[in-house]
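A look at the structure
Residue-level listing of the chains:
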Amino acid sequence: MQKASREFREKPLRLIQITDTHLYRDPRAVLLGLNTHESFEKIVDLIARTRGTPDVIVGTGDIAQDASRESYQRFAEIVSRLNAPFYWIPGNHDNRKVMLALTDYPNAFDTQLIFGNWQILMLDTSSPGNVHGVLSDAELARLQQQLSQLPAGVQHSMICLHHNPVPGTASWMSDIGLKNADAMLAILKQYPATVRAVVYGHIHQTLDFEHEGFRFFCTPSTCIQFKPYVEEFALDMLAPAYRWFDLYADGRLETAVERLQDYVIKVDMNAGGY
Ligand SMILES: [Fe+2]
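Here the structure is a predicted model, which means the values were calculated and not measured.

This brings us to the sheet that holds strand E2 (residues 13–18). What the 5 strands build is an open sheet, ordered E6-E5-E2-E15-E16; its pairing is mixed. Each edge of the sheet is formed by a strand with only one pairing partner; in this case those strands are strand E6 (86–88) and strand E16 (253–259). For this sheet the average axis-to-axis angle between neighbouring strands, irrespective of direction, equals 20°. Summarising the sheet, E2 and strand E5 (residues 56–59) pair through 4 bridges and their orientation is parallel. Its bridge partner lying in E5, Ile18 is registered against Gly59. Helix H2 (residues 69–79) contacts E2, E5 and E6 of the sheet and is inclined by roughly 150° relative to E6.

Structural data, given as structure tokens:
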């Protein structure tokens, strides 16, 4: 387990969540009609224009659609334009080994990020060969340990993962979430004083809600979006997006999803899946 650290500061920590970029080896490739490289690059430009230099960036999985080394390399290079450290976790489309092989970014897989009195815990829910997610016994044990023995000075915790630990808002999503979410929740419930947010992607939509006493945030993709409240898979005509968080020393947080403006959405509305 590695740790990142940063001096405590009075102003809020600005964290950026980028998720489900679905990049391909070929930057001209499209996902259901949308060029994922182009939309991701536009999102990074938008962050630079509107958020200045953030303190930290988390990429919460489905970084690549094709698990290619070139996709991960391009993600790392483009996100590095923001001049902030980035950390990532794999999603169902990713290959952890290929990501780990990018030796130019040795800290990107740090799992416990410490900034002032906040810790950001990065959980790997990927389950090779499956669309759904699972937290291994080792990941659950690590979560338990990192919440029960807070590092010196840490009071507040944010949990980041790829898969949704609470069912998504469309019927077809019922089998693709985190299978053992109950085991994670059972651990979180032991530490209500420190857990401030559970943050994820995977279901390509905006959610901000309370569940079992905790705040949950789902962030839309930097490419295609999934339509809520439908039976069968359907795309939503919403622009690519990212989420920012401002984390305060007293445990408060502010957050919003920001979308590309004036973006012409070109997607295959007849797509039956992704
Ligand atoms: Fe995704």
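Following both chains from N to C, one finds helix H1 (residues 36–51) and H2 inclined at 20°, their axes separated by 10 Å at the closest point. The pairing of H1 with H2 is recorded here as roughly parallel in orientation. For the pair H1 and H2, the crossing hand works out as right-handed. Between H1 and H2, the residues in contact are His37, Phe40, Glu41 and Val44 and Arg74, Phe75, Ile78 and Val79, respectively. In terms of residue class, the contact of H1 with H2 is made up of 5 nonpolar, 1 polar and 2 charged.

What follows is about the packing of aromatic side chains. If you walk through the whole model with that rule in mind, you get 12 aromatic pairs. Ring centres of Trp172 and Phe226 lie 5.4 Å apart, and the angle between their planes is 70°; this geometry places the pair in the edge-to-face category. Highlighted residues: Trp172 in the loop between strand E9 (156–160) and helix H5 (181–188) and Phe226 in strand E13 (residues 225–226), separated in sequence by 54 residues. Across the pair, exposure class does not vary: Trp172 and Phe226 are buried alike. Following the ring pairs from residue to residue traces out a cluster consisting of Phe40, Tyr72, Phe75, Phe86, Trp88, Tyr105 and Phe109. Arg14 extends its terminal NZ or CZ atom over the ring of Trp244, reaching a point 5.6 Å from the ring centre. Looking at Arg252, its charged tip hangs above the ring of Tyr248, at a distance of 4.1 Å from the centre.

Here we come to the coordination of the iron ion. Around a metal, the perfect tetrahedron of four donors has angles of 109.5 degrees, and the perfect octahedron of six donors has angles of 90 or 180 degrees. Summarising the metal site, the iron ion is bound by the protein donors Asp20 (OD), His22 (NE2), Asp62 (OD) and His204 (NE2), whose distances to it range over 2.1 to 2.3 Å. Each of the 4 donor atoms bound to the iron ion contributes to angles spanning 89 to 176°, and the resulting shape is irregular. Within one chain, the residues donating to the iron ion are spaced in sequence as D-x1-H-x39-D-x141-H. Of the two residues, Asp62 is situated in the loop between E5 and H2 and His204 in the loop between strand E10 (195–200) and strand E11 (207–211); the sequence distance between them amounts to 142 residues. Residues Asp62 and His204 agree in their burial class; the two are buried.

Our focus in this paragraph is unusual backbone geometry. In this structure, Asp20 is a non-glycine residue whose phi angle is positive, near 55°. Judged by its relative accessible area of 0%, Asp20 is buried. Positive phi, normally seen in glycine, also occurs at Asp262, with a value near 55°. Position of Asp262 among the secondary structure elements: in the segment after E16.

Moving on, we get to the packing of helix H4 (residues 137–148) against H5. With their axes 10 Å apart at the nearest point, H4 and H5 run at an angle of 15° to one another. As far as their axial angle goes, H5 and H4 are roughly parallel. Crossing handedness for the pair H4 and H5: right-handed. Residues Leu140, Leu143, Gln144 and Leu147 of H4 form the contact with H5, whose own contacting residues are Ala183, Met184, Ile187 and Leu188. Partitioned by chemical class, the residues of the contact of H4 with H5 number 7 nonpolar, 1 polar and no charged.

Turning next to the pairing of E5. Along E5, one buried face is formed by Val56 and Val58 and the opposite face, lined by Ile57 and Gly59, is buried too. Here E5 runs beside E6; their pairing, made up of 3 bridges, is parallel. The partner of Val58 across the bridge, within E6, is Tyr87. One crossover worth recording links E5 to the parallel E6 by way of H2, and it is right-handed.

In this section: the pattern of salt bridges. Across all of its chains, the model carries 12 salt bridges by this definition. Measuring nitrogen to oxygen at the nearest pair gives 3.3 Å for the salt bridge that ties Arg25 to Glu70. Note that Arg25 is positioned in the loop between E2 and strand E3 (30–31) and Glu70 in helix H2, a separation of 45 residues in sequence. Judged by its relative accessible area of 31%, Glu70 falls in the partly exposed class. Through salt bridges with shared partners, a single network forms among Asp250, Arg252 and Glu254.

Basis of the calculations
- Residues numbered from 1 in each chain as written.
- Predicted model: local features only at pLDDT ≥ 70, side-chain atom pairs only at ≥ 80, totals over all residues.
- Heavy atoms only, no water.
- Pairing = 2+ DSSP bridges.
- Helix = DSSP H or I, 4+ residues; strand = E, 2+ residues; numbered from the N terminus.
- Axes fitted to C-alpha atoms, helices over the stretch in contact; angles between N-to-C directions.
- Contact = heavy atoms within 4.5 Å.
- Parallel < 35°, antiparallel > 145°, perpendicular 65-115°, else oblique.
- Left-handed = near helix turned anticlockwise from the far one by under 90°.
- Nonpolar A, V, L, I, M, F, W, Y, C, P; charged D, E, K, R; others polar.
- Phe/Tyr/Trp six-rings, centres within 6.5 Å; stacked < 30°, edge-to-face > 60°.
- Buried < 20%, exposed > 50% of the residue type's maximum accessible area, 1.4 Å probe, protein only.
- Lys NZ or Arg CZ within 6 Å of the ring centre and 35° of its normal.
- Donors = N, O, S within 2.8 Å, 3.2 Å for Na, K, Ca; no water.
- Tetrahedral: all angles 85-135°; square planar, octahedral: opposite > 155°, others 65-115°.
- Right-handed = clockwise from strand over helix to strand, strands pointing away.
- Salt bridge = Lys/Arg side-chain N within 4 Å of Asp/Glu carboxyl O.

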